[in-house]
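# Structure at a glance
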Amino acid sequence: MKQKAFERSAGILMPVSSLPSPYGIGTFGQAAYDFVDQLANAGQKYWQVLPLGPTSYGDSPYASFSAFAGNHYFIDLDMLIEEGLITEKYVKRFKWNMEDAQVDYGLQYRSRFKVLRKAFMKSKHAETKEYKEFVKENKFWLDDYSLYFACKHKYENISWQNWDDDIKFRKRTAITRLKKELAEDIAFHGFIQFKFYEQWTKLKAYANEKGIQIIGDIPLYMAMDSADVWTNTKQYQLDKDLRPEAVAGVPADSFSELGQRWGNPLYDWDEMEKDDFAWWRKRMEYSAKIYDVIRIDHFLGIVKYYAIPPEDPDALGGEYHKGPGKKLIKVFQEAIGDKKIIAEDLGIEMPEAVRLMDQAGYPGMKVLEFAFDGDRENEHLPYNYKKNLVVYGGTHDNDTLMGYFSGLKWWDLSYVREYVGDKHASIEYIVDTLFRVAYSSVADLVIFQLQDVLKMNTTARINIPSTMGTNWRWRLLDGELTEDDVNRLKYFCDIYGR
């Protein structure tokens, strides 16, 4: 069955981690509810939150320990205080950030588990009907994930590939022994996931009541060091020692001469097909439960995936192989019911992916920052748009609009200025006008990063692909999103029928 098109609407991209909070990182607390209110007042219909999973080294939400688990950093501590599980005095013992506008993941890592452990020790959750139902509904991933994370702590956070062989290979006697040995830690991680789910479900329900739907991102590939790979090794292209036979990435293009070597293990699609893609079915069912719209990152890999020899330092030696295509899309459609999918189709031109998206009714993406390179047939130029697509000012992988256009030479800016109708236009005027250009376009859905609403410079950029150490840190400060900003977005929605 073909997916119905989006109604003409608009939304904001803003990761949960970037919300204000007194605890160094955004949470599901009061600031999240206030942000939902601002979105509703601004005439927006969507909030794109990026992946919500627990992050590993590098802090990227696109490299998570699990396809199902939630990030414990997002559990709001004020709510735990209100429940009487911890005290405000105890929480204030910890240092949560060095500067308000940046997440310090080192401080988060050193503090969060201690505070959550304190709450766990006082909680009576295990006796409640709600917890028992949560465990029953999520047993297909929760037990394995909780054991995995308990083992991570036991082995001082090294990858499961370097654990003792009997545990690495999940020998039955070893797993039975560990479940007894680590019983308290396993229960602790069950508590964390229960609290995450409890708080997120309430926030999402509030957003939906306010007319805001949640767009959640799911990466196509899993991190090698994840509960999903450890517990499903036969469904990945791994050798007898459980090392990748090939890794994921993309070939060289105009943005990268060496391509991108992501390093994720590749799926064994033939093996997955034997059980009718059961893991994917569960993943999509769960995603449809916690999101209203699912954005699939690197959708192209479903049609053709790029396989790179694991020993190669870059992506130049990779080659394409056929993906599951229609077979997997059928599973998606059966699993998500009336929820919608957005296909992230940026990158190399792939006609077979376009055909598959058309057949499924999935909208693709266009990005305004890409619009002014090349010739007048550039597919990202708004006058080349067709219906059933989502246009972004820039994505989480792009610079802010102010940063991007400020970095261009005058000759590169000349066409942009001609496009917006002012040969001497300031960068601020260009950004303002691009909001009008996007909102007035034929695209069904328009999404801008919040930083672009606020006309922030490059210091507010959230991610630079293929770099590590300074990404995913930007945070909104209290009061930065003003009533004037909200009214301006509402005006655009009204004028351009969104």
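Before any of the text, the structure's been laid out above.
Residues numbered from 1 in each chain as written. Predicted model: local features only at pLDDT ≥ 70, side-chain atom pairs only at ≥ 80, totals over all residues. Heavy atoms only, no water.

### As for the sheet that holds strand S9 (residues 340-343)
One open sheet holds the eight strands; their spatial order is S9-S6-S3-S2-S1-S12-S11-S10, and the pairing between them is parallel. Taken across any chain shown, the strands that pair with only one partner, and hence form the sheet edges, are S9 and strand S10 (364-367). Mean inter-strand twist for the sheet, computed between neighbouring axes without regard to direction, equals 25 degrees. As paired strands, strand S1 (residues 9-13) and strand S2 (residues 46-48) are joined by three bridges and run parallel to one another. Of the residues in S2, the one forming a bridge with isoleucine 12 is tryptophan 47. Sheet strands touched by helix H1 (residues 30-41): S1 and S2. Its angle to S2, the strand with the most contacts, is close to 135 degrees. (Pairing = 2+ DSSP bridges. Helix = DSSP H or I, 4+ residues; strand = E, 2+ residues; numbered from the N terminus. Axes fitted to C-alpha atoms, helices over the stretch in contact; angles between N-to-C directions. Contact = heavy atoms within 4.5 Å.)

### Some words on the pattern of salt bridges
Close approach of charged atoms lets side chains of opposite charge pair. What the rule picks out here adds up to 27 salt bridges. Linking aspartate 59 and arginine 473 is a salt bridge whose minimum nitrogen-to-oxygen distance equals 3.8 Å. Of this pair, aspartate 59 sits in the loop between S2 and helix H2 (77-82) while arginine 473 is found in the loop between helix H19 (450-453) and helix H20 (483-495), placing the two residues 414 residues apart along the sequence. What makes aspartate 59 buried here is its relative accessible area of 14%. One salt bridge in this structure joins glutamate 181 and lysine 154, with 2.9 Å as the shortest N-O distance. Linking glutamate 181 in helix H8 (residues 172-181) with lysine 154 in helix H6 (residues 139-154), this pair joins segments that are 27 residues apart in sequence. Of the residues examined, lysine 154 reaches a relative accessible area of 36% and is grouped as partly exposed. (Salt bridge = Lys/Arg side-chain N within 4 Å of Asp/Glu carboxyl O. Buried < 20%, exposed > 50% of the residue type's maximum accessible area, 1.4 Å probe, protein only.)

### Focus: the sheet that holds strand S7 (residues 304-308)
In space, the four strands of this open sheet follow the order S5-S4-S7-S8, with antiparallel pairing throughout. If you trace the sheet from one side to the other, it starts and ends with strand S5 (260-265) and strand S8 (319-322), each paired once. Between one strand axis and the next, the sheet turns through 45 degrees on average, direction left out of account. When S7 meets S8, the two strands line up antiparallel, connected through four bridges. Across the sheet, alanine 307 pairs through a bridge with glutamate 319, a residue of S8.

### Details of the pairing of strand S11 (residues 389-392)
Side chains Leu389 and Val391 of S11 all project onto a buried face; the interleaved residues Val390 and Tyr392 project onto the opposite face, where all are buried too. Pairing of S11 with strand S12 (residues 445-449), which is carried by three bridges, proceeds in the parallel orientation. Considered in S12, the bridge of valine 391 is made with valine 446.

### Section: the environment of tyrosine 306
Positionally, tyrosine 306 belongs in strand S7. Through-space distance from the C-alpha of tyrosine 306 to that of tryptophan 163 is 29 Å; in sequence the pair is 143 residues apart. Once residues within four sequence positions are removed from consideration, tyrosine 306 is found in contact with Val247, Ala248, Gly249, Val250, Pro251, Leu266, Ala315, Leu316, Gly318, Glu319 and Tyr320. In this structure the side chain of tyrosine 306 is engaged in a polar contact, spanning 2.8 Å, whose partner is the backbone oxygen of alanine 315. At a separation of 3.3 Å, a polar atom in the side chain of tyrosine 306 contacts the main-chain carbonyl oxygen of glycine 318. (Polar contact = N/O pair within 3.5 Å; in protein donor to acceptor, adjacent residues only side chain to side chain.)

### Description of the nonpolar core
If you look at the biggest cluster of nonpolar residues, it comprises 170 residues, and the most contacted ones within it are Trp47, Trp200, Trp280, Met284, Phe332 and Leu450. If one sorts the elements of this core by residue count, helix H9 (residues 183-209) sits on top with ten residues. Contact partners of methionine 284, with chain neighbours within four places excluded, come to Ile218, Ile294, Ile296, Phe332, Ala335, Ile336 and Ile341. (Core = buried A, V, L, I, M, F, W, Y, C linked by side-chain atoms within 4.5 Å.)

### Notes on a positive patch on the surface
Together, Lys89, Arg93, Lys118 and Lys122 make up a region of like positive charge exposed at the surface. Positionally, lysine 89 belongs in helix H3 (residues 88-91). Classification of lysine 89 as exposed rests on a relative accessible area of 70%. (Patch = residues over 30% accessible without salt bridge, like charges linked within 9 Å, V, L, I, M, F, W, Y side chains within 5 Å. Areas by Shrake-Rupley, 256 points an atom, 1.4 Å probe, with all protein chains shown as cover. Lys, Arg positive; Asp, Glu negative; His and termini not counted. Charge placed at Lys NZ, Arg CZ, Asp CG, Glu CD.)

### Some words on the packing of aromatic side chains
If you walk through the whole model with that rule in mind, you get 59 aromatic pairs. Summarising the aromatic geometry, the rings of phenylalanine 65 and phenylalanine 149 are spaced 5.3 Å apart at their centres and angled 85 degrees between planes, so their arrangement reads as edge-to-face. Of this pair, phenylalanine 65 sits in the loop between S2 and H2 while phenylalanine 149 is found in helix H6, placing the two residues 84 residues apart along the sequence. For phenylalanine 65, a relative accessible area of 8% puts it in the buried group. Taking relative accessible area as the criterion, phenylalanine 149 reaches 4% and is therefore assigned buried. An angle of 90 degrees between the planes, with centres 6.4 Å apart, marks the rings of tyrosine 109 and phenylalanine 113 as edge-to-face. Residue tyrosine 109 and its partner phenylalanine 113 are located together in helix H4 (residues 105-122), separated by four residues, close to a single helical turn. By relative accessible area, phenylalanine 113 is classed as buried at 13%. (Phe/Tyr/Trp six-rings, centres within 6.5 Å; stacked < 30°, edge-to-face > 60°.)

### Some details on a negative patch on the surface
Side chains of Asp34, Glu99, Asp100 and Asp478 sit close together on the surface and give a patch of like negative charge. Following the sequence through the fold, aspartate 478 ends up in the loop between H19 and H20.

### Examining the environment of glycine 323
By the element assignment, glycine 323 lies in the loop between S8 and helix H14 (326-336). For glycine 323, a relative accessible area of 11% corresponds to the buried category. Considering only alpha carbons, one finds glycine 323 and tyrosine 306, 17 residues apart in sequence, at a separation of 9.6 Å. For glycine 323, the contacting residues outside a window of four places in its chain are Trp269, Ile302, Val303, Lys304 and Tyr305.

### Quick notes on unusual backbone geometry
Its identity is not glycine, yet asparagine 157 carries a phi of approximately 75 degrees, on the positive side. Assignment of secondary structure puts asparagine 157 in the loop between H6 and helix H7 (165-168). Phi is positive for histidine 298, close to 55 degrees, though the residue is something other than glycine. The topology assignment puts histidine 298 in the loop between strand S6 (293-296) and helix H13 (300-303). Owing to a relative accessible area of 10%, histidine 298 belongs among the buried residues under this scheme.

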